[in-house]
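Per-entry structural report
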Amino acid sequence: QVQVVESGGGLVQPGGSLRLSCAASGNIFSINRMAWYRQGPGKQRELVATITSGGGTNYADSVKGRFTISRDNAKYTVYLQMNSLKPEDTAVYYCALDLRTHATSYNGRYWGQGTQVTVSS
């Protein structure tokens with residue numbers, strides 16, 4: 001059994017910063033890819049950033065240079081540092097973890113519950 005809990009969303013003014021966290025707990029053997037997605041009002045869910053187990057990262061063009069994804073393997077946690085926020089970054093942000101439990105031999109994708117980020121003056 002695995003739990004994935006997000007935190008760190010909120011209301012921020014344009015140009016401000018927020019840091020999202022996503023922590024997994026439970027019967028975890030290993031975590032491979034960790035990622036952040038977002039879904040804005042009336043939009044489809046989109047991939048924001050990914051980080052591999054080796055630390056390789058990728059970003060959507062819309063957030064490059066402003067957002068930074070990182071991970072703490074010892075804590076089974078992934079972070080998203082968001083700087084220079086814009087109103088168009090307003091969305092519900094979800095983390096997605098590709099992980100193996102001690103009971104399986106394959107990766108399964110586990111999602112966080114979502115956290116609201118609102119950028120507005």
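Below, the structure is looked at part by part.

As for the sheet that holds strand β3 (residues 18-26)
Taken in spatial order, the four strands line up as β1-β3-β8-β7 in an open sheet, and their pairing is antiparallel. Edge positions in the sheet fall to β1 (2-7) and β7 (67-72), since each has one partner strand and no second. The mean angle between the axes of side-by-side strands here comes to 15°, regardless of whether they run parallel or antiparallel. Pairing analysis gives six bridges linking β3 to strand β8 (residues 77-82), with the strands arranged antiparallel.

Brief notes about the nonpolar core
Counting 29 residues, the largest nonpolar core has W36, V78, L80, M82, Y93 and L97 as its most contacted members. A per-element tally of this core places strand β9 (residues 91-101) first, with five residues. Sequence-distant contacts of Y93, defined by excluding residues within four places in its chain, comprise E6, L20, W36, Y37, R38, V48, F67, L80, M82, G114, T115 and V117.

Remarks on the packing of aromatic side chains
Tallied over the full model, the rule gives one aromatic pair. When the ring centre of Y79 is taken as reference, the NZ or CZ atom of R19 above it lies at 4.0 Å. Sitting above the plane of the Y94 ring, R45 keeps its charged end 3.9 Å from the centroid.

Some remarks on the pairing of strand β11 (residues 115-119)
Residues of β11 alternate between two faces, with T115, V117 and V119 buried on one and Q116 and T118 left unburied on the opposite face. Two strands pair when backbone bridges link them, and strand β2 (residues 10-12) and β11 are joined in this way by three bridges, in the parallel orientation. Its bridge partner lying in β11, G10 is registered against V117. In this structure, β9 lies alongside β11, joined through three bridges in antiparallel fashion. Looking at β11, one finds that V92 is bridged to Q116.

Observations concerning the state of the cysteines
By the definition in use, this model includes one disulfide. The disulfide partner of C22 is C95, and the S-S distance across this bridge is 2.0 Å. As the torsion about the S-S bond is roughly 60°, the C22-C95 disulfide counts as right-handed. One end of the pair, C22, is in strand β3; the other, C95, is in strand β9, and 73 residues separate them in sequence. When its relative accessible area of 0% is taken as the criterion, C22 is described as buried.

What to know about the environment of T101
Tracing the backbone shows T101 in strand β9. When the C-alpha atoms of T101 and N73 are compared, they prove to be 15 Å apart, with 28 residues separating the residues in sequence. If we ignore the near neighbours within four places in the chain, the residues touching T101 are V2, N27, I28, F29 and Y110.

Thresholds applied
- As a convention, each chain's residues are numbered from 1 in the sequence order in which they are written.
- Note on the predicted model: pLDDT of at least 70 is required for a residue's local features to be given, and 80 or more for side-chain atom pairs to be given and counted; whole-chain, interface and lining totals, by contrast, use all residues.
- No hydrogens and no water enter the side-chain calculation; it runs on all heavy atoms of the structure.
- Being paired, for any two strands, means DSSP has found at least two bridges between them.
- A run of H or I in DSSP counts as a helix once it spans at least four residues, and a run of E counts as a strand once it spans at least two, with each numbered from the N terminus.
- Interaxial angles span 0 to 180 degrees and are taken between N-to-C directions of axes, which are lines fitted to C-alpha atoms, for helices over the stretch in contact.
- To form a nonpolar core, buried Ala, Val, Leu, Ile, Met, Phe, Trp, Tyr and Cys residues must be joined to one another through side-chain atoms within 4.5 Å.
- Residue burial is assigned from relative accessible area. The probe radius is 1.4 Å, only protein chains are included, and a residue is buried under 20% of its type maximum, exposed over 50%, and partly exposed in between.
- Contacts: residue pairs with any heavy atoms within 4.5 Å of one another.
- Between the rings of Phe, Tyr and Trp (Trp by its six-membered ring), a pair exists once the centres lie within 6.5 Å; its type follows the angle of the planes, with under 30 degrees stacked, over 60 edge-to-face, and the other angles tilted.
- Geometrically, a lysine NZ or arginine CZ counts as sitting over a ring once it is within 6 Å of the ring centre and also within 35 degrees of the ring normal.
- Criterion for a disulfide: a pair of cysteine sulfur atoms within 2.5 Å.

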